Structure formats: C-alpha cells, structure tokens
Amino acid sequence: MARVAIVTGGTRGIGEAISKALKEAGYSVAANYGGNDEAAAKFNEATGIPVYKWDVSDYDSCVSGIAKVEADLGPVEILVNNAGITRDAMFHKMDKDKWYAVINTNLNSLFNMTRPVWEGMRERGFGRIVNISSINGQKGQMGQANYAAAKAGDFGFTKSLALEGARKGITVNAISPGYIGTEMVRAVPQDVLEKAILPLIPIGRLGEPEEVARCVVFLVSDDAGFITGSTLTASGGQYMS
Ligand code: CAA
C-alpha cells in the first residue's frame, strides 16, 4: 500500500509542486487548501490528486479535515507543513491583523496539523514530517517581522519534535527555501525584487518550486531515515546556515 501524505497549501505554489512530486514518487497524496476553490479544482482536474478544503489556522478544522483524509485514504504517515501566507509591511506600519494572520497560519498551523497525526505515527512506529520554513526565518527580512518570526518558530518546533520522535521511527526536518518563483514572490514590488533581492542570490535567479519539491521527496523517503532535526536549505546560496 502506498504511504499516505498530506501537503498543506498543496494546490498552489511550492505546495503544488510537492503534491505532484510525491504522487510521482508513488505516494497517495491528499492536497489541503485554504480558500481558492478555482485553483484547487483546476489542480485536481490536472493531477487527479484529491483536494481537501480546511483552514490550517483552526485546530478543530484540522482535526476534522485529517479524519476525512484518513477515512478516504488511510492513516497519514507523511505530513508536509507547507501552507503559508505573507502580510508584508514595515513594522511601523504593521497592524495586529497582519501579525496574527501570519502567526496563526504559518506557525500555529504546525501544532494544529501535527498534533492530530502524531499519536498515530508513534503507535505505528513510522512518520515523516517536513516543515517548509524560509531563509527569512533565519536571516530576518525587512517588512517581514511577522513572517520571519513564524518561520523561525519552525526550526525550534522541528528540532524538538525530532528529539521526541527519534525513538519512534518519526523523522522531523525543515526545508529553508529562499526566493522561489511563485505568486508569493512575484507579489513583491518589481523594483524591490530586481534591485534588493535578485542581486543577493549568488546563483542569479529565483528557485523553481520543483527544486524544493525534490528536497521533500528525499526527506520523506525510507533512505532518509537517519536524517532528523536537520534543515535543508534551497536558496541559490543566498543564505547558508
Ligand atoms: N530586501 C531589501 N530591501 C528591501 C526589501 C527586501 N526584501 N523590501 C523592501 N526593501 C527596501 C526598499 O528597497 C526600500 O528601500 P529604499 O527606501 O532605499 O528605496 C525600503 O525598504 C522601503 O521599501 P518600500 O518603499 O517598498 O516601502 P513600503 O512601505 O511601500 O513597502 C514592503 C514595504 C511591504 C516591505 C515592500 O517593500 C515589500 O513588499 N518588500 C518585500 C519584502 C519581502 O522580501 N518579502 C518576501 C516575500 S516572499 C516570501 O516571503 C517567501 C520566502 O520565504 C522567501
């Protein structure tokens, strides 16, 4: 039986590439999404991957969403916490809605999604959790105090759960992408992208979503069983940790 994987935010951007790559690698994939029904329907039609709508910032929605996936596909053995949003603003212009929206969706979602699958993984003695963080959670970023704080939180969560899961066959790792050519990055003002960001990427281009997806496929594989608590960075050399 194919292992079951949930990818949050799995119908667009980096998540879309992860869902497709996992399917290609033989996993039974459930792609969660939060709001864009049209994109999810298009994704489902193109890939055949089932889509599930719930809000990862809400614990009860995660519990019921995961229960539905498990009833349809079987126990979740792989969880990719990918869903994330930006509400960029310089801190002197950041209101509390921008702060809480990002912390709830990007950080509190880790608890909301992982807690309901954790006990099953412990009981079965196998699990793979991959948290998609960001180099901006390591180096900081102007206009992203909220996002960088949430993404920095990914690393503490990853390392702590890696310790707890180690004797139970569960690995927990983080991926730290740099600037990847998705809608999220293309929403950055063009002049900022060209003048302040691209020159800082030694490889000289934005990353491709598939380049992050291939990191996930490796980390969830049986071959990666000795790798836990690590951070795999895919940033074109922009930040090295
Ligand atoms: N790197 C370096 N400098 C930056 C910067 C960045 N990422 N973002 C803004 N700046 C600089 C601007 O160039 C500008 O400098 P000057 O005054 O010298 O021209 C200054 O900060 C103020 O910027 P704005 O004039 O644009 O100010 P604003 O208030 O109109 O907008 C902003 C501020 C919303 C932060 C806007 O600049 C912005 O969206 N910047 C991009 C922030 C960013 O990098 N977001 C990452 C999104 S992608 C992502 O999050 C994925 C991931 O994990 C990497």
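This text goes with the structure placed above it.
Since the structure is predicted, the reported quantities are computational estimates derived from the model, not experimental observations. (Residues numbered from 1 in each chain as written. Predicted model: local features only at pLDDT ≥ 70, side-chain atom pairs only at ≥ 80, totals over all residues. Heavy atoms only, no water.)

**What to know about the overall build of the chain**
Right, so step 1: In terms of regular secondary structure, the chain is built from nine helices and seven strands.
Right, so step 2: For the chain, the C-alpha radius of gyration of 17 Å lies close to 18 Å, the compact-globule estimate for 241 residues.
Right, so step 3: Each of the 241 residues in the chain was classed as buried or not, and the buried ones make up 47%.
Right, so step 4: For the chain, the share of sequence-separated contacts (at least 6 apart) that also reach a separation of at least 24 residues comes to 70%.
Right, so step 5: Looking at the chain, you have 24 positive and 26 negative side-chain charges, and the mean spots of the two groups are 4 Å apart. (Helix = DSSP H or I, 4+ residues; strand = E, 2+ residues; numbered from the N terminus. Rg over C-alpha atoms; globule rule 2.2 N^0.38 Å. Buried < 20%, exposed > 50% of the residue type's maximum accessible area, 1.4 Å probe, protein only. Contact = heavy atoms within 4.5 Å. Lys, Arg positive; Asp, Glu negative; His and termini not counted. Charge placed at Lys NZ, Arg CZ, Asp CG, Glu CD.)

**Brief notes about the pairing of strand E6 (residues 170–177)**
Right, so step 1: For E6, the tally of buried residues reaches eight of eight residues, placing the bulk of the element in the interior.
Right, so step 2: A two-sided burial pattern is seen for E6, the buried positions comprising Ile170, Val172, Ala174 and Ser176 on one face and Thr171, Asn173, Ile175 and Pro177 on the other.
Right, so step 3: Pairing analysis gives six bridges linking strand E5 (residues 127–132) to E6, with the strands arranged parallel. By the bridge assignment for E6, asparagine 131 is matched with alanine 174. (Pairing = 2+ DSSP bridges.)

**Concerning the site of the ligand**
Right, so step 1: In the neighbourhood of the ligand, 20 residues make up the surrounding shell, with Asp88, Lys93, Ser134, Gln141 and Tyr147 lying closest.
Right, so step 2: The separation between an oxygen atom of the ligand and a polar side-chain atom of lysine 93 is 2.8 Å.
Right, so step 3: Here an oxygen atom of the ligand sits 2.7 Å away from a polar atom, N or O, in the side chain of tyrosine 147.
Right, so step 4: Coverage of the ligand by the protein amounts to 65% of the 980 Å² it exposes when considered alone.
Right, so step 5: Counting only elements with at least two residues in the shell around the ligand, the list comes to helix H7 (183–186) and helix H8 (190–197).
Right, so step 6: Looking at which element gives the most residues to the shell around the ligand, the answer is H8, with three residues. (Near = heavy atom within 4 Å. Polar contact = N/O pair within 3.5 Å; in protein donor to acceptor, adjacent residues only side chain to side chain. Areas by Shrake-Rupley, 256 points an atom, 1.4 Å probe, with all protein chains shown as cover.)

**A short note on the packing of helix H1 (residues 13–24) against helix H9 (residues 209–220)**
Geometry of a packed helix pair, given as the angle between the helix axes and the separation of the axes.
Right, so step 1: It is at 8 Å that the axes of H1 and H9 come closest, and there the two elements cross at 50 degrees. One finds that H1 runs oblique with respect to H9. When you trace H1 past H9, the crossing you get is right-handed. From H1, Gly13, Ile14, Ala17, Ile18, Ala21 and Leu22 reach across to H9, where they touch Pro209, Glu210, Val212, Ala213, Val216, Val217 and Val220. (Axes fitted to C-alpha atoms, helices over the stretch in contact; angles between N-to-C directions. Parallel < 35°, antiparallel > 145°, perpendicular 65-115°, else oblique. Left-handed = near helix turned anticlockwise from the far one by under 90°.)

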